[in-house]
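Each chain, written out:
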Amino acid sequence: MGSIIRFFRSIQAKIIIIYVTLILIAMQLIGVYFNNTLENYFKSELIDTNKKQAILLGQFVERTMVSDPQDPKKLYSDLSEVVSSLFVLSNTEIEIIDERGVVISATATSEQSPLNRKNTTPEVTRTLQGIKVSERIFIDENGKRKMIITQPIGTGIRPIGVVYIVASMQEMYSTMNTINRILLTGTALALGLTALLGIILSSTITKPIKEITKGATAIAEGDFTEPVKVYGQDEISQLGHTFNFMMNSLKDALAMNEEEREKLSSVLTNMNDGVIAADEQGRVIVMNRRAQQILGIAEETNSVMHIAATLGITSEDIKKHAVGKNQVMMIEIDNEEEERITVRVTFTPILRRGDETGMIAVLQDVTVQEKLEQGRKDFVANVSHELRTPLTTIKSYLEALTDGAMEDPALAQRFLGVTRNETERMIRLVTDLLHLSRLDSKQAVIVKEHVEVSEMLDELVDRFSFQLRQRHIRITSKVDPKLGAVEIDRDKIDQVLDNLVSNSIKYTGDEGIITASAYIIDEHWMGISITDTGMGIPKKDLSRIFERFYRVDKARSRNMGGTGLGLSIAREIVRAHGGAISLESELNQGTKVTFTLPLESKAGEVN
Ligand code: ATP
Ligand code: MG
């Protein structure tokens with residue numbers, strides 16, 4: 001049903017219907033005109049023939065009547081003969097009527113012969129009166145069409161009789177019917193042919209249109225492979241050509257677009273900064289891999305997210321920062337490794353003809369920079385603080401001296417001793433800082449020499465023997481016998497060892513035990529560790545122990561003359577040798593500091 005309706009809506013059907021209707025109307029008009037003309041022609045022909053017969057008959061009757069009026073019997077029989085033969089010839093009923101209106105001769109058609117009866121037909125009456133009468137068509141009792149033709153006999157004003165003819169029109173109509181049937185058949189044939197021609201003709205129009213429609217559908221579905229087939233040179237084929245041209249342009253444009261997108265996406269993927277693009281409502285539409293990494297978002301997230309929620313800030317924050325150009329905001333994020341990272345977010349609105357249609361947020365992980373910045377600030381604060389303490393002490397002692405303590409030589413001696421101590425402390429601090437800064441800026445040159453490890457540790461023990469004896473601390477050194485000489489900067493490594501041992505002494509109670517051991521880790525590395533049985537370091541401080549100025553207990557360390565730089569200097573020196581330093585400690589159990597050194601110095605590792 002649907003396909004039939006679709007067919008009637010098609011151009012093809014419309015063309016066929018138009019053609020057929022045109023032909024039908026034309027045939028109808030021709031038919032009507034033709035029919036009329038034919039009928040008139042046949043009628044006049046019929047009248048003409050019968051009129052001629054009637055005239056001939058009239059002349060004949062007149063002649064016989066005039067020549068032999070005395071013998072009506074003979075006259076009538078003669079007339080009947082002529083009339084009958086005429087009837088046989090032309091299939092008409094003929095009556096000869098005298099001046100009184102009585103039939104004197106007739107073709108015997110019906111059972112009741114009209115002979116000797118009065119013919120009262122108006123035509124006859126009027127003809128007898130000398131009035132000119134035209135022919136009349138009537139339908140007889142059998143439903144057949146007939147024509148009455150009357151012809152006056154005689155030349156006078158009043159006719160002497162009338163020839164009355166009733167001609168059957170049956171033949172004429174049947175002829176006309178035959179002709180009409182031929183016409184109808186012709187019409188039907190013409191219609192059929194037209195329909196067929198219409199189908200063929202319209203298909204030459206609709207086929208290319210269908211092709212183009214197919215092509216357009218394919219393009220809409222993104223298929224650019226098949227160009228539209230073009231037939232001939234007419235307007236539709238021009239359309240086809242134009243369509244193919246359009247398709248190619250579109251293909252090129254799309255390819256270019258695709259290429260641009262590819263470029264953009266590869267730029268986005270390989271960017272070092274995170275990028276998030278959001279639409280007008282703040283829904284995230286693009287997020288590159290780096291942004292996902294920074295924000296700790298799973299790669300395959302399909303759910304629509306709001307940019308504010310993604311960044312962990314409020315929409316108000318965004319509104320505040322997204323107005324104007326390049327608004328920067330710092331946010332803190334806890335990433336997957338539970339580290340707090342600092343991210344600098346730069347918001348840029350996307351404008352289309354002045355209207356904001358979205359925004360782009362560029363994310364930069366500035367944790368390291370921030371840490372460095374913070375470290376620098378802390379360092380300056382620490383240095384100032386560390387210098388201020390001895391300076392205040394010195395100042396107050398000097399004041400005391402000027403205020404009269406000078407008078408008491410013993411007191412003056414003690415006070416001057418304190419100021420000297422503080423000054424030495426300051427010198428130590430400044431020297432340490434200088435060391436560090438040289439190591440930092442790689443100015444400190446590592447001068448490597450042949451060093452026997454066992455000898456080095458023995459000398460270390462010797463250096464501290466007096467101090468250790470005082471504190472009743474025992475020290476032992478264990479050196480792997482296979483460990484011979486190594487290439488190291490003896491002075492600097494001594495500095496490391498001194499620091500570690502002095503730490504152990506400082507933070508180990510009397511009667512503790514310190515062990516210095518050197519061993520081979522593998523063919524490339526050796527290790528040295530200093531172990532003590534001292535107070536240890538709380539877990540929470542372990543991670544920061546190598547930081548500059550970091551001390552577990554600031555007050556006590558300072559009392560012991562510590563600056564908090566020892567371990568950081570040690571780390572820098574070990575690193576300069578290519579090794580690593582680590583510290584394990586258990587509170588109130590003891591501490592073990594280990595550092596590694598390469599067994600053979602690699603090329604290019606001079607400092
Ligand atoms: P400096 O070494 O400059 O004189 P310092 O000894 O205080 O000063 P570091 O050597 O860097 O500084 O040590 C940092 C901190 O680590 C110390 O203040 C101390 O609290 C802790 N520490 C270091 N070694 C030990 C140890 N063996 N036992 C217990 N705590 C220690
Ligand atoms: Mg120290």
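The rules behind each value
- Residues numbered from 1 in each chain as written.
- Chains lettered and ligands numbered in written order.
- Predicted model: local features only at pLDDT ≥ 70, side-chain atom pairs only at ≥ 80, totals over all residues.
- Heavy atoms only, no water.
- Patch = residues over 30% accessible without salt bridge, like charges linked within 9 Å, V, L, I, M, F, W, Y side chains within 5 Å.
- Areas by Shrake-Rupley, 256 points an atom, 1.4 Å probe, with all protein chains shown as cover.
- Salt bridge = Lys/Arg side-chain N within 4 Å of Asp/Glu carboxyl O.
- Helix = DSSP H or I, 4+ residues; strand = E, 2+ residues; numbered from the N terminus.
- Buried < 20%, exposed > 50% of the residue type's maximum accessible area, 1.4 Å probe, protein only.
- Pairing = 2+ DSSP bridges.
- Axes fitted to C-alpha atoms, helices over the stretch in contact; angles between N-to-C directions.
- Contact = heavy atoms within 4.5 Å.
- Donors = N, O, S within 2.8 Å, 3.2 Å for Na, K, Ca; no water.
- Near = heavy atom within 4 Å.
- Polar contact = N/O pair within 3.5 Å; in protein donor to acceptor, adjacent residues only side chain to side chain.
- Nonpolar A, V, L, I, M, F, W, Y, C, P; charged D, E, K, R; others polar.
- Expected span 1.5 Å × (residues − 1).
- Bend = angle between axes of the 7 residues up to and from the residue.
- Lys, Arg positive; Asp, Glu negative; His and termini not counted.
- Charge placed at Lys NZ, Arg CZ, Asp CG, Glu CD.
- pLDDT = per-residue confidence, 0-100.
- Parallel < 35°, antiparallel > 145°, perpendicular 65-115°, else oblique.
- Left-handed = near helix turned anticlockwise from the far one by under 90°.
- Phe/Tyr/Trp six-rings, centres within 6.5 Å; stacked < 30°, edge-to-face > 60°.
- Core = buried A, V, L, I, M, F, W, Y, C linked by side-chain atoms within 4.5 Å.
- Domains from an automatic or database assignment.

S.K.: Could you give me a rundown of a nonpolar patch on the surface, with the residues and numbers involved?
M.R.: On the surface, a cluster of nonpolar side chains totalling about 460 Å² of accessible area is made up of Tyr 19, Leu 189, Leu 193, Leu 197 and Leu 201. With four residues, the top contributor of residues to the nonpolar patch is helix α5 (residues 170–220). By the secondary structure assignment, Leu 193 is in helix α5. We classify Leu 193 as partly exposed; its relative accessible area is 48%.

S.K.: Describe the pairing of strand β3 (residues 136–139), naming the residues involved and giving the relevant values.
M.R.: Sheet analysis places β3 next to strand β4 (residues 145–153), joined by four bridges and oriented antiparallel. Within the sheet, the bridge partner assigned to Arg 136 lies in β4 and is Ile 148. The turn joining β3 and β4, which pair antiparallel and follow one another in sequence, is formed by five residues; a positive phi near 80° is taken by Gly 143.

S.K.: Could you give me a rundown of the sheet that holds strand β15 (residues 525–532), with the residues and numbers involved?
M.R.: Here we have five strands laid out as an open sheet, ordered β12-β14-β15-β17-β16, and mixed in their pairing. Each having just a single partner strand, β12 (474–479) and β16 (581–586) make up the two edges of the open sheet. Geometrically, the sheet is characterised by an average inter-axis angle of 10° between neighbouring strands, direction not taken into account. By the bridge criterion, six bridges tie β12 to strand β14 (residues 513–520) in an arrangement that is parallel. From the neighbouring strand, Thr 476 faces β14, where its bridge partner is Thr 515. Taken strand by strand, helix α12 (residues 453–471) contacts β12, β14 and β15, and its axis lies near 180° from that of β12.

S.K.: Which residues make up the coordination of the magnesium ion (ligand 2), and what values go with them?
M.R.: Protein coordination of the magnesium ion (ligand 2) is provided by Asn 499 (OD1) and Asn 503 (OD1), with donor distances spanning 2.0 to 2.8 Å. Residue Asn 499 and its partner Asn 503 are both found in helix α13 (residues 490–506); the two are separated by four residues, about one turn of the helix. Of the two residues examined, Asn 499 and Asn 503, each falls in the buried class.

S.K.: Before we move on, can you summarise the site of ligand 1 with the specific residues and values?
M.R.: Around ligand 1, a shell composed of 21 residues is seen, among which Asn 503, Asp 532, Ser 557, Thr 563 and Leu 567 lie nearest. Within the backbone of Leu 565, a nitrogen or oxygen atom sits 3.4 Å from an oxygen atom of ligand 1. Note that an oxygen atom of ligand 1 is positioned 3.2 Å from one of the backbone N or O atoms of Gly 566. Here ligand 1, which alone exposes 600 Å², has 95% of that area covered by the protein. Breaking the shell around ligand 1 down by element, the ones donating at least two residues are α13 and α16 (566–576). Sort the elements by how many residues they give to the shell around ligand 1 and α13 lands first, with four residues. Split into classes, the residues belonging to the shell around ligand 1 amount to seven nonpolar, 10 polar and four charged.

S.K.: Lay out α12 with the relevant residues and their values.
M.R.: Here α12 contains 19 residues, and its C-alpha end-to-end distance of 26 Å stays within 8% of the 27 Å for a straight helix at 1.5 Å per residue. The sharpest bend along α12 reaches about 55° and sits at Ser 465. Within the span of α12, buried status applies to Val 453, Met 456, Leu 457, Leu 460, Val 461, Phe 464 and Leu 468. Just downstream of α12, His 472 is the residue with a positive phi angle, here 55°.

S.K.: Go over a negative patch on the surface, please, and point to the residues and values.
M.R.: Residues Glu 452, Glu 455, Asp 458 and Asp 462 make up a contiguous surface patch of negative charge. For the negative patch, the element with the highest residue contribution is α12, accounting for three residues. Looking at where Asp 462 falls in the secondary structure, it is placed in helix α12.

S.K.: Outline the pattern of salt bridges, supporting the account with residue identities and numerical values.
M.R.: Considering all chains together, one arrives at 27 salt bridges under this definition. Here Glu 547 ties to Arg 544 by a salt bridge, and the two come within 2.9 Å at their closest N and O atoms. Members of the salt-bridge network, linked through shared partners, are Glu 459, Arg 463, Arg 490, Asp 494 and Asp 498.

S.K.: Residue-level account of the confidence of the model for the chain, with values.
M.R.: Confidence along the chain averages 86 in pLDDT terms, with 95% of residues attaining 70 or more. Across residues 603–607, confidence stays below pLDDT 50; counting only partners more than four residues off in sequence or on other chains, it has 10 contacts.

S.K.: Any chance you could break down the sheet that holds strand β7 (residues 284–287) for me, citing the residues and the numbers?
M.R.: Ordered in space as β7-β6-β10-β9-β8, the five strands form an open sheet in which the pairing is antiparallel. The sheet terminates laterally at β7 and β8 (327–334), the two strands that pair on one side only. Sheet twist, expressed as the mean angle between neighbouring strand axes with direction ignored, is 25°. Sheet topology places strand β6 (residues 274–279) next to β7; three bridges connect them, and they run antiparallel. Within the sheet, the bridge partner assigned to Ile 276 lies in β7 and is Met 287. Against the sheet, helix α10 (residues 367–402) engages β8, β9 (340–352) and β10 (355–365), with an angle of about 125° to β9.

S.K.: Break down the packing of α10 against helix α11 (residues 409–440) for me, citing the residues and quoting the values.
M.R.: Working note: a packed helix pair is described by the angle between its axes plus the distance between those axes. Orientation of α10 relative to α11, taken along the N-to-C sense of each, is 165°, at an axis distance of 9 Å. With respect to each other, α10 and α11 are oriented roughly antiparallel. Crossing geometry of α10 relative to α11 is assigned as left-handed. In contact with Phe 379, Val 383, Glu 386, Leu 387, Pro 390, Leu 391, Thr 393, Ile 394, Tyr 397, Leu 398, Ala 400 and Leu 401 of α10, α11 contributes Ala 412, Phe 415, Leu 416, Val 418, Thr 419, Glu 422, Thr 423, Arg 425, Met 426, Leu 429, Val 430 and Leu 433. The residue inventory of the contact of α10 with α11, partitioned by class, reads 18 nonpolar, three polar and three charged.

S.K.: An account of the environment of Pro 390 is requested, with residue identities and associated values reported.
M.R.: Secondary-structure assignment places Pro 390 in helix α10. Not counting residues within four places of it along the chain, the set of residues in contact with Pro 390 comprises Glu 422 and Met 426.

S.K.: How would you summarise the packing of aromatic side chains if you had to cite specific residues and measurements?
M.R.: Applying the stated criterion across every chain yields a total of three aromatic pairs. Here Tyr 397 and Phe 415 contribute two aromatic rings whose centre-to-centre distance is 4.9 Å and whose plane-to-plane angle is 90°, an arrangement assigned as edge-to-face. Placement of the pair is Tyr 397 in helix α10 and Phe 415 in helix α11, with a sequence separation of 18 residues.

S.K.: Tell me about the side chain of Ser 529, and name the residues and values.
M.R.: Residue position: Ser 529 is located in strand β15. When residues no more than four places from it in sequence are discounted, the contact partners of Ser 529 are Thr 515, Ala 516, Ser 517, Tyr 519, Lys 592, Val 593 and Thr 594.

S.K.: So what's going on with the nonpolar core? Which residues, and what values?
M.R.: Core analysis: the biggest nonpolar cluster contains 48 residues, and Ile 493, Leu 497, Met 526, Ile 528 and Phe 595 have the highest contact counts within it. Top contributing element to this core by residue count: α12, with seven residues. Residues from two domains meet in this core; each of domain 3 (371–439) and domain 4 (445–598) gives at least three. Discounting chain neighbours no more than four positions away, the residues touching Met 526 are Val 453, Leu 483, Val 486, Ala 518, Tyr 519, Ile 520, Ile 521, Phe 595, Thr 596, Leu 597 and Leu 599.

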